[in-house]
Amino acid sequence: MINSRHNLTGWLLIGALWALIPLMANAELVIKINRGVERPVPIAVVPFGYDGPAAAPFDVAELVARDLDNSGRFQSLPRSLLVSQPTRGSDVDFQDWRLLKVDVVVIGRLEPLPGNRHSIIFQVFNTLTGEPLMSFRMASDDAALRRASHRVADMIYEKLTGIAGVFSTEIAYIAVDRSGGETRHRLIVADADGENPRVVVNSPEPLMSPAWSPDGRKLAYVSFEGRRSAVYVQTLRSGNRERVSARAGINGAPAFSPDGRRLALTLSRDDGNLDVYVLDLASQVLTRLTWDPAIDTEATFSPDGEEVFFTSDRAGGPQIYRVPSLGGGQATRVTFDGNYHARPRVSPDGKQLAVVFNDRGNYRIGLADIERGTTQVLTRGRLDESPGFAPNGAEIIYATRADGTGVLASVSTDGRIARQIAAVSGEVREPIWGPRDRY
Amino acid sequence: MMNHRLSFVVTIFACSLFLSGCPGSSVVQPDTSGDGPPIDSAPELNNRDRGGVDGAQPFREDPLPDLLGDLVVYFEYDLSDIRSEFNAMLAAHGRYLANNPSANIRLEGHADERGSREYNIGLGERRAQAVRRVLLLQGASGTQISTVSYGEERPAILGSDEEAWKLNRRVELVYQQ
């Protein structure tokens, strides 16, 4: 066995993907790197060998190279410039790769397994030292080879950058299509690279505020079907959905607790005053967290589930406040640096908030330090909104505008990498990044 | 009191007027085309000479038809204060509702696209509530009025400039059948 020499041998099993209605054959989103690191790591991902009887079932190397390029931290060598195509470690001539100024080379092959499965075997070498950095074997259902290839990219990315890869994760977003006579609103789940889009909900009335359950199996969202707002929780695999709040007035801004058992909501009840509540999904017990006549909304839980951060304009303009999630506590103000902070999302380490920040008349994504109360502006748009952290905490996805329409974008939390994720047609907005699978 | 005929005309607005987010295919308006709410008939007065001064006659101000035809209230950025130019129009709608207890109205609050979406839902609701309070002050009943906020989700005008934004910060008055 190829990896018997190394202690890094790993086995991973890829389960079947959950099935949803396929939207269209191709990706609906296209990623463009607007700003990358100054010196991306030059890498070669050699086409994987295939020992099976017919054509290879999937081009693993092509997807791994694209993922790494899309990260803004790597630059892969075009296939036309590959001097050789080794598929085993013993065949790699490091001098060749050094001449091409490639620092890292990835090789591998696919081996058939019984029952419509394959093994992906891959190795990563440092071309300067000839040292093997990784050697793994991963079994996958043929139907899941795309996701398995994203996991290969995740593992390589983490090994080379120290940051967990998120290529195998999913995003959800709202797409608005005004091309027909009526406006269509769709809630879509896609792979993190925009491929494989699936429609979760399709409505002539507005859909907004999607939120992932922590296990990635459900989405909560607001729908205006029936001409009034209601909050739904929908299970992705089955398509079953439950209307969890259709009270008088506004039902909005759902956010799951980290254990998935509670849902923070904004309700206006009969008097039109928006306040933040927490609904226990099993018992349906509703706990009111805020009591202010101001607009209190856009709640989100801290990673430990003990606190809720939310937007309130109780002091004039909107600012971020925190309050104990079990109720009965006083809300305290978190942001002070400017006249507009809204729509908080807490970083995975619980130390920062991604917010919408008014930067001299421009609505931009800010990173607010929870303890210090200071805010740093990360983006350069005029109408940026809906920020949310990638599950590795290193990147923030958000909505912005380009060429007169709504597009998605992401920025690294250090501000060095900026990517734009545009819809092939129509407008996209309110992106949310799903959790990582535990593997 | 009068026994008003509750005749409504369903006015079809071309969806293209709204460019997007046309709230349904029809808008219901109160009938202002002909015989609107009649004025209370004044009691017969003995019009004898009173030194040139006629007897006082009670009268009810007829809502001006063109004011009842106005169905949108616009707002300043981040505010829900009713601008004075909309006072007469809202007074007309409030009196119409007071005089027509079976009439129902739905107030749809909207915001421009700037800032966060759920906060804008709050702004739209606050605007709808501001309009609601004015209608109640004019004698409309709370049971006649429902509110909904669409925030920035249903712009009247697509565009990212002040011209579009000022037309999107609004409350639409929608009479229900």
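Scroll up for the structure.
All of these numbers come straight from a predicted model, not from anything done at the bench.

A. Structural view of the overall build of chain A. On a plain count of helices and strands, chain A comes out with three helices and 33 strands. A total of 439 residues make up chain A; the buried ones form 58% of that total. Long-range pairs, those at least 24 residues apart, make up 46% of the contacts in chain A with a sequence separation of at least 6.

B. Molecular detail of the packing of aromatic side chains. A full pass over the atoms with the stated rule returns 11 aromatic pairs over all chains. When the ring of Tyr221 of chain A is compared with that of Tyr232 of chain A, the centres are 5.8 Å apart and the planes differ by 15°; the resulting orientation is stacked. On the criterion of sequence distance, the pair formed by Tyr221 of chain A in strand β14 (residues 218–223) and Tyr232 of chain A in strand β15 (residues 230–235) is long-range, its members being 11 residues apart. Like Tyr221 of chain A, the residue Tyr232 of chain A is buried in the burial classification. An aromatic cluster of three or more residues is present, and its members are Phe74, Tyr157 and Phe167 of chain A. Looking at Arg114 of chain B, its charged tip hangs above the ring of Trp165 of chain B, at a distance of 3.9 Å from the centre.

C. Quick peek at the pairing of strand β18 (residues 262–267) of chain A. Residue and element names in this part refer to chain A. Among the six residues that make up β18, six are buried, leaving the element largely enclosed by the rest of the structure. Both faces of β18 are covered, namely the face carrying Arg262, Ala264 and Thr266 and the face carrying Leu263, Leu265 and Leu267. Counting the residues between successive antiparallel strands, the hairpin from strand β17 (residues 251–256) to β18 contains five residues, one of them, Gly260, with a positive phi of roughly 75°. Across six bridges, the pairing between β18 and strand β19 (residues 275–280) is antiparallel. Counterpart to Leu267 in the pairing with β19 is Asp275.

D. Structural view of the packing of helix α1 (residues 60–70) of chain A against helix α3 (residues 145–161) of chain A. Residue and element names in this part refer to chain A. With their axes 9 Å apart at the nearest point, α1 and α3 run at an angle of 50° to one another. As judged from the angle between their axes, α1 and α3 are oblique. Viewed along their axes, α1 and α3 form a crossing whose handedness is right-handed. Contacts from Val60, Leu63, Val64, Asp67 and Leu68 in α1 reach Arg146, Ser149, His150, Val152, Ala153, Ile156 and Tyr157 in α3. Residues belonging to the contact of α1 with α3 are distributed by class as follows: eight nonpolar, two polar and two charged.

E. How the structure looks around the nonpolar core. All names here are of chain A. Core analysis: the biggest nonpolar cluster contains 29 residues, and Val64, Leu68, Ile120, Phe122, Val124, Met134 and Ile156 have the highest contact counts within it. Where this core is concerned, the elements lending two or more residues are β4 (41–45), α1, β7 (104–113), β8 (117–126), β9 (132–141) and α3. Top contributing element to this core by residue count: α3, with seven residues. Excluding residues within four positions of it along the chain, Val124 makes contact with Val104, Val105, Val106, Glu131, Pro132, Leu133, Met134 and Ile156. Formed by 27 residues, the second largest nonpolar core is a distinct cluster that contains Ile250, Leu274, Ile295 and Tyr363.

F. Structural detail: the packing of helix α3 (residues 87–99) of chain B against helix α4 (residues 117–137) of chain B. Residues and elements named next belong to chain B. Contact geometry for α3 and α4: axes closest at 8 Å, N-to-C directions at 60°. By the angle between their axes, α3 is oblique relative to α4. The handedness of the crossing between α3 and α4 comes out as right-handed. The residues of α4 that touch α3, namely those facing Leu90, His93, Gly94 and Leu97, are Val131, Val134 and Leu135. For the contact of α3 with α4, the per-class residue count stands at five nonpolar, two polar and no charged.

G. A look at α3 of chain A. Residue and element names in this part refer to chain A. Taking 1.5 Å of rise per residue, 17 residues should cover 24 Å, and α3 covers 24 Å from first to last C-alpha, within 8% of that figure. Within α3, 12 of the 17 residues are buried, which leaves the element mostly enclosed by the surrounding structure. Buried within α3 are the following residues: Leu145, Arg147, Ala148, Ser149, His150, Arg151, Val152, Ala153, Asp154, Met155, Ile156 and Tyr157. In the segment just after α3, Gly162 is the residue with positive phi, at about 80°.

H. Region of the structure containing the interface of chain B and chain A. On the side of chain A, 39 residues touch chain B, which itself brings 30 residues to the contact. A combined buried area of about 2700 Å² lies between chain B and chain A, and 52% of that area is made up of carbon and sulfur atoms. For the chain B face of the interface with chain A, the top three residues by lost area are Arg117, Glu118 and Tyr119 of chain B, together amounting to 27%. Remark: the boundary between chain B and chain A carries five salt bridges. Between Arg429 of chain A and Glu153 of chain B there is a salt bridge, with the nearest N and O atoms lying 3.0 Å from each other. Counting the contacts that link chain B with chain A gives 15 residue pairs in polar contact (both at pLDDT 80 or more). By residue number, the principal contributor to the side of chain B that touches chain A is α4 of chain B, which donates nine residues. Among the residues making up the side of chain B that touches chain A, the classes are represented as 10 nonpolar, nine polar and 11 charged.

I. Inspection of α4 of chain B at higher detail. Residues and elements named next belong to chain B. Taking 1.5 Å as the rise per residue, α4 with 21 residues should run 30 Å; its terminal C-alpha atoms sit 30 Å apart, in good agreement. Among the 21 residues that make up α4, 15 are buried, leaving the element largely enclosed by the rest of the structure. One or two positions beyond α4, positive phi appears at Gly139, with a value near 105°.

J. Main features of the sheet that holds strand β24 (residues 332–333) of chain A. Taken together, four strands build an open sheet; the order of strands is β21-β22-β23-β24 (chain A) and the sheet is antiparallel. With one partner strand each, in any of the chains shown, β21 (296–301) and β24 of chain A form the two edges of the open sheet. Here β21 of chain A runs beside strand β22 (residues 307–312) of chain A; their pairing, made up of four bridges, is antiparallel. Residue pairing across strands places Asp296 of chain A opposite Ser312 of chain A, the latter belonging to β22 of chain A. Here α4 of chain B sits on the sheet in contact with β21 and β22 of chain A, set at roughly 155° to β21 of chain A.

K. Main features of the side chain of Ser229 of chain A. Residue and element names in this part refer to chain A. Topologically, Ser229 is positioned in the loop between β14 and β15. Classification of Ser229 by relative accessible area gives buried; the value is 6%. One polar contact links the side chain of Ser229 to the main-chain amide nitrogen of Asn251, over a distance of 3.0 Å. Each residue touching Ser229, except ones within four places of it in the same chain, is listed here: Val222, Ser223, Phe224, Gly249, Ile250 and Asn251.

Definitions and limits used
Residues numbered from 1 in each chain as written. Chains lettered and ligands numbered in written order. Predicted model: local features only at pLDDT ≥ 70, side-chain atom pairs only at ≥ 80, totals over all residues. Heavy atoms only, no water. Helix = DSSP H or I, 4+ residues; strand = E, 2+ residues; numbered from the N terminus. Buried < 20%, exposed > 50% of the residue type's maximum accessible area, 1.4 Å probe, protein only. Contact = heavy atoms within 4.5 Å. Phe/Tyr/Trp six-rings, centres within 6.5 Å; stacked < 30°, edge-to-face > 60°. Lys NZ or Arg CZ within 6 Å of the ring centre and 35° of its normal. Pairing = 2+ DSSP bridges. Axes fitted to C-alpha atoms, helices over the stretch in contact; angles between N-to-C directions. Parallel < 35°, antiparallel > 145°, perpendicular 65-115°, else oblique. Left-handed = near helix turned anticlockwise from the far one by under 90°. Nonpolar A, V, L, I, M, F, W, Y, C, P; charged D, E, K, R; others polar. Core = buried A, V, L, I, M, F, W, Y, C linked by side-chain atoms within 4.5 Å. Expected span 1.5 Å × (residues − 1). Buried area = accessible area lost by both parts, 1.4 Å probe. Salt bridge = Lys/Arg side-chain N within 4 Å of Asp/Glu carboxyl O. Polar contact = N/O pair within 3.5 Å; in protein donor to acceptor, adjacent residues only side chain to side chain.

Purely spatial values, then, with no claim about function.
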